[in-house]
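Structure assessment
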Protein chains: 2
Amino acid sequence: MCKFVQKLWYNEGMVVFTRGFEIAGVSAGMKKSGRNDVAVIKNTGPNKVAAGVFTTNRVHAAPVKYSRLALAKTGGNAEAVLINSGCANACTGERGYEHTVESAQYLAQLLNIEDTNRVLVASTGSIGKFIEMDKFLPGILRATEQLSTSPQNEFAVASAICTTDTVEKMAVYNRSTDTISSGKTLEELASATSEENNWKIGGISKGAGMIAPQLATMISVITTDAVLTSAQADEALKYAVEYSFNRIDADGCMSTNDTVLLLSSGASGIVPDLDEFKEKLQGVAYALARQMIADTEGSSHDIEVKVINALEEVHALNVARSVARSNLLKCAIFGSDPNWGRILASVGVVSEADAVFDAKNIDVALNGVWICKNSGIGEPRELVKISENRAVSIVVDLKVGSKSATILTNDLTYGYVKENAEYTT
Amino acid sequence: MCKFVQKLWYNEGMVVFTRGFEIAGVSAGMKKSGRNDVAVIKNTGPNKVAAGVFTTNRVHAAPVKYSRLALAKTGGNAEAVLINSGCANACTGERGYEHTVESAQYLAQLLNIEDTNRVLVASTGSIGKFIEMDKFLPGILRATEQLSTSPQNEFAVASAICTTDTVEKMAVYNRSTDTISSGKTLEELASATSEENNWKIGGISKGAGMIAPQLATMISVITTDAVLTSAQADEALKYAVEYSFNRIDADGCMSTNDTVLLLSSGASGIVPDLDEFKEKLQGVAYALARQMIADTEGSSHDIEVKVINALEEVHALNVARSVARSNLLKCAIFGSDPNWGRILASVGVVSEADAVFDAKNIDVALNGVWICKNSGIGEPRELVKISENRAVSIVVDLKVGSKSATILTNDLTYGYVKENAEYTT
């Protein structure tokens, strides 16, 4: 169990989730491991605002289809979120969709929510198998019975949404201290447990592998006690996701289930400045995204690919994605080989329509050493140190403009192959 | 040394290369391994027709830039081809380009070729380092001294263009027997050593890893003694490449050096039917492409991704490429896991502009078992056998048209990671 839970056992109120929410996570036995696999997050208000961003994969899971529709019907409101791991309920057809609706109806009934559309659902796990309703429904019942505001439950919820994740992922922004804390150490998160009367943003996420643009095999639920309208929540979430979860790319594979939800209870009674809120929300989402990359299946390095001096931001983004997806480069980084030729080759495959640059005039820096200048040999490769640190920095200077973009990815390792060769549908 | 060489030592004429060519391969010491790294192929005529297809990577090597230009200047003629391995001469700027020109000039001088543009050059190996001219030029001299039509030299040439390849790759079409033979067994190739007075097509290739659309880290030289005009050679080669080398995708990484050359000596004196020639040339190119996939770095399975019943061929191709590039799927195949969910997920990422299909109505067969029907659960996964054979067949039925396309790829293995982590620039 996560250390901070024991320490904060008697702490008043929750660490990660904000005022206006009750949560619970339980094991319904759908995960082979026996770990928690059902989470319920209830918005106790006063407001019941919700926004969602979902995978753009044309093949998407039943809960994605359901929740997208539900949010549209309610105009951006939700009273509860139901999440399960162990089964993605994807590629399960009509029957799978009925399972999602049935589970939402059951939770609505248990929580006396009149409109089932005010219950959102997210699932993660194996694709192409039916969810075990005989285990899922009793799990939902037990979760509702355990709904509370204890830090213990926060960890139970964070673990209930995990699949191949090795650590729970949590992040908090506390406006009273203006600090963003991620769930790596007890101290970081404890610093967020302020009792000051101010608004907060706090959330959890899961995701390791299959992390690609327009989200990952990921689920994230972010709560806030700031007062937001549905339109504001939607605008803020779209912005935050674009500059966080959409900027990580572990293996170029896009999931069928990706779901990011923002829930606002308004329990602080404070109406935030929207621009400030958007920035802080993006900060929390980015902190979660970084934890996801750091926990990507089998990786040994986190690689930050930054493309600078592009004509348009989208050009920088296209080039960064191309570099971040080069298996050859990702293997080279794993091998601590400063193989800048593979970087340049992956830049060169980007079409002129997708990025303006002179292929003969590109500079590349690896961990601060400009080993490639004007698309040719630069500083000595011997100067580049890769093996020492987990963090690897790649900078590609297109030298045609002033726009930039950054993608986070990993190296390609034996561990990645092992995990994904043995992980069975 | 390849077995068939010893057996065919005294055989009249060459096995793979056709009449009208003299060849030689030597070691100039540019490869750490000491293996052959310089090859010269001389067209003795009577015709000196040549056509080329090159990488579309905007970052391309000096020899690619040079040879593309040379072919344009001569209107599709060449008297000799110079190939080196061990150094790609890519990302080497002006100096690298001068090295290529200098080497072409030197060979032209040695072979009394007045116009240097009638010498084509191809290089393969590490990117971002200069070619060692002090070794390269003496190697060129020795190669020209050894030019002959002996089968021994055929193997010397085939090995001289290899980098991480574990086997030489050769294929022949013999019209007198109407058979295509690839360089796997002695018998296959020997069957091509007919003395009949008819035209032949024969060639070699190298390539393992970094194999992606619009060619691979690959070099291929195909010769024929059929009588062709430059325009016919160009048309035939473009067609053959599109349906062979452009349909294999080992790791989605496109090289800076990919070069495919067709040389026609016209020594048979026979003018072929162009459509027949195109088909046979495509057959030879495809036989070479298959050998490249079979030899891709560290792979344990060859995966054929066939997309059927698409509205347009390009739609089928886009979907097949997306599936062939899913690291998650490629790992699953390595693990003998019939993970059709990952196949469907990789289909779903293809945009509606790139492929028309109903995401809820796709069938998928894995090694003949339709494990996915109507985007849902199909026949039992237990029926699928993967581990037994190297060949794996994936069929995706889009059910919206009648067009189809096939991409060959590999599984993603520890071996791939190892090879590409340790292969140093």
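Everything below is about the structure printed above this text.
I will try to describe carefully the structure that is included in this document. (Residues numbered from 1 in each chain as written. Chains lettered and ligands numbered in written order. Predicted model: local features only at pLDDT ≥ 70, side-chain atom pairs only at ≥ 80, totals over all residues. Heavy atoms only, no water.)

Thoughts on the sheet that holds strand E14 (residues 376–377) of chain A
Residues and elements named next belong to chain A. Ordered by their spatial adjacency, 6 strands build an open sheet running E14-E13-E12-E15-E11-E16, and the pairing between neighbours is mixed. Strands with a single pairing partner mark the edges of an open sheet, and in this sheet they are E14 and strand E16 (403–410). In this sheet, strand E13 (residues 369–373) lies alongside strand E12 (residues 363–366) in antiparallel orientation, the contact comprising 2 bridges. Its bridge partner being in E13, Leu-366 is matched across the sheet by Val-369. Where helix H8 (residues 274–294) meets the sheet, its contacts fall on strand E11 (302–310) and E16, and the angle it forms with E16 comes to roughly 40°. (Pairing = 2+ DSSP bridges. Helix = DSSP H or I, 4+ residues; strand = E, 2+ residues; numbered from the N terminus. Contact = heavy atoms within 4.5 Å. Axes fitted to C-alpha atoms, helices over the stretch in contact; angles between N-to-C directions.)

Some words on the environment of Arg-58 of chain A
Within the secondary structure layout, Arg-58 of chain A lies in the loop between strand E3 (49–54) and helix H2 (62–74). The exposure class assigned to Arg-58 of chain A is buried, which follows from its relative accessible area of 15%. Taking the C-alpha atoms as reference, Arg-58 of chain A lies 7.9 Å from Thr-256 of chain A; in sequence the two are 198 residues apart. When sequence neighbours within four positions are dropped, the list of residues in contact with Arg-58 of chain A reads Gly-348, Val-350, Ser-351, Glu-352, Ala-355, Val-356, Phe-357 and Ala-359 of chain B. (Buried < 20%, exposed > 50% of the residue type's maximum accessible area, 1.4 Å probe, protein only.)

Observations concerning the relation of the copies chain A and chain B
For the pair chain A and chain B, the superposition axis carries a translation of 0.0 Å, the fit reaches an RMSD of 0.0 Å, and the rotation angle comes to 180°. Here the symmetry operator amounts to a two-fold rotation axis. For chain A, the residue whose C-alpha comes nearest the rotation axis is Tyr-414 of chain A, separated from it by 2.7 Å. (Least-squares fit on C-alpha atoms with pLDDT ≥ 70 in both.)

Side note on the sheet that holds strand E5 (residues 119–126) of chain B
Residues and elements named next belong to chain B. With mixed pairing, the 4 strands of this open sheet are ordered in space as E1-E2-E4-E5. The open sheet has two edge strands, strand E1 (21–26) and E5, and neither has a second partner. Within this sheet the neighbouring strands show an average axis-to-axis angle of 10°, counted without direction. Pairing between strand E2 (residues 38–43) and strand E4 (residues 80–87): 5 bridges, direction antiparallel. In the sheet register, Val-40 faces E4, and the bridge partner there is Leu-82. Each of E2, E4 and E5 touches helix H3 (residues 93–110); the most contacted strand, E5, lies at about 130° to it.

So, the packing of aromatic side chains
Per the counting criterion, the structure on display carries 9 aromatic pairs over all chains. Here Phe-334 of chain A and Tyr-414 of chain A contribute two aromatic rings whose centre-to-centre distance is 5.3 Å and whose plane-to-plane angle is 85°, an arrangement assigned as edge-to-face. Here the residue Phe-334 of chain A occupies a position in helix H10 (residues 327–334), and Tyr-414 of chain A occupies one in helix H12 (residues 414–422), the gap between them amounting to 80 residues. For Phe-334 of chain A, a relative accessible area of 22% puts it in the partly exposed group. Between Tyr-239 of chain B and Tyr-243 of chain B the ring centres are 5.3 Å apart and the planes differ by 45°, which places this aromatic pair in the tilted class. For Tyr-239 of chain B, a relative accessible area of 26% gives the class partly exposed. For Tyr-243 of chain B, a relative accessible area of 30% corresponds to the partly exposed category. (Phe/Tyr/Trp six-rings, centres within 6.5 Å; stacked < 30°, edge-to-face > 60°.)

Observations concerning helix H11 (residues 340–348) of chain B
In terms of burial, H11 of chain B is a largely internal element, 9 of the 9 residues being buried. Taken as a whole, H11 of chain B has its buried residues at Trp-340, Gly-341, Arg-342, Ile-343, Leu-344, Ala-345, Ser-346, Val-347 and Gly-348 of chain B.

Structural notes on the nonpolar core
Grouped together as the largest cluster of nonpolar side chains are 58 residues, with contacts concentrated most on Val-38, Ile-41 and Ile-83 of chain A. Ignoring anything within four residues of it in the chain, the contact list for Ile-41 of chain A reads Phe-17, Phe-21, Glu-22, Ile-23, Glu-79, Ala-80, Val-81, Ile-83, Val-157, Val-221 and Leu-263 of chain A. One finds Ala-24, Cys-87, Phe-136 and Ile-219 of chain B within the second-largest nonpolar core, a separate group that totals 57 residues. (Core = buried A, V, L, I, M, F, W, Y, C linked by side-chain atoms within 4.5 Å.)

Concerning the interface of chain A and chain B
Contacts between the two partners involve 53 residues from chain A, matched on the other side by 53 residues from chain B. Between chain A and chain B, roughly 4,400 Å² of surface is buried when both sides are summed, and carbon and sulfur atoms account for 63% of that area. Between the two partners, chain A and chain B, sit 0 salt bridges. Listed by contribution, the elements that provide at least two residues to the side of chain A that touches chain B are H10, helix H11 (340–348), E14 and H12 of chain A. Here the residues of the side of chain A that touches chain B are counted per class, giving 28 nonpolar, 17 polar and 8 charged. (Buried area = accessible area lost by both parts, 1.4 Å probe. Salt bridge = Lys/Arg side-chain N within 4 Å of Asp/Glu carboxyl O. Nonpolar A, V, L, I, M, F, W, Y, C, P; charged D, E, K, R; others polar.)

Brief notes about the pattern of salt bridges
Residues and elements named next belong to chain A. For the structure shown, the criterion picks out 38 salt bridges over all chains. One salt bridge in this structure joins Glu-132 and Lys-135, with 3.1 Å as the shortest N-O distance. Classification of Glu-132 by relative accessible area gives partly exposed; the value is 31%. Taking the relative accessible area as the measure of exposure, Lys-135 reaches 31% and is therefore partly exposed. Measuring nitrogen to oxygen at the nearest pair gives 2.9 Å for the salt bridge that ties Lys-278 to Glu-235. Of this pair, Lys-278 sits in helix H8 while Glu-235 sits in helix H7 (residues 230–242), and the two are 43 residues apart along the sequence. Exposure remark for Glu-235: the relative accessible area of 38% places this residue in the partly exposed category. If you follow the salt bridges from partner to partner, you end up with Lys-48, Glu-79 and Arg-118 in one network.

Some remarks on the environment of Val-221 of chain A
Residue and element names in this part refer to chain A. Within the secondary structure, Val-221 is located in strand E9 (residues 219–224). For Val-221, a relative accessible area of 0% translates into the label buried. Spatially, the C-alpha atoms of Val-221 and Ile-41 are 8.9 Å apart, while their sequence positions differ by 180 residues. Those residues in contact with Val-221 that sit more than four places away from it in its chain are Ile-41, Val-81, Ile-83, Gly-202, Gly-203, Ile-204, Leu-261 and Leu-263.

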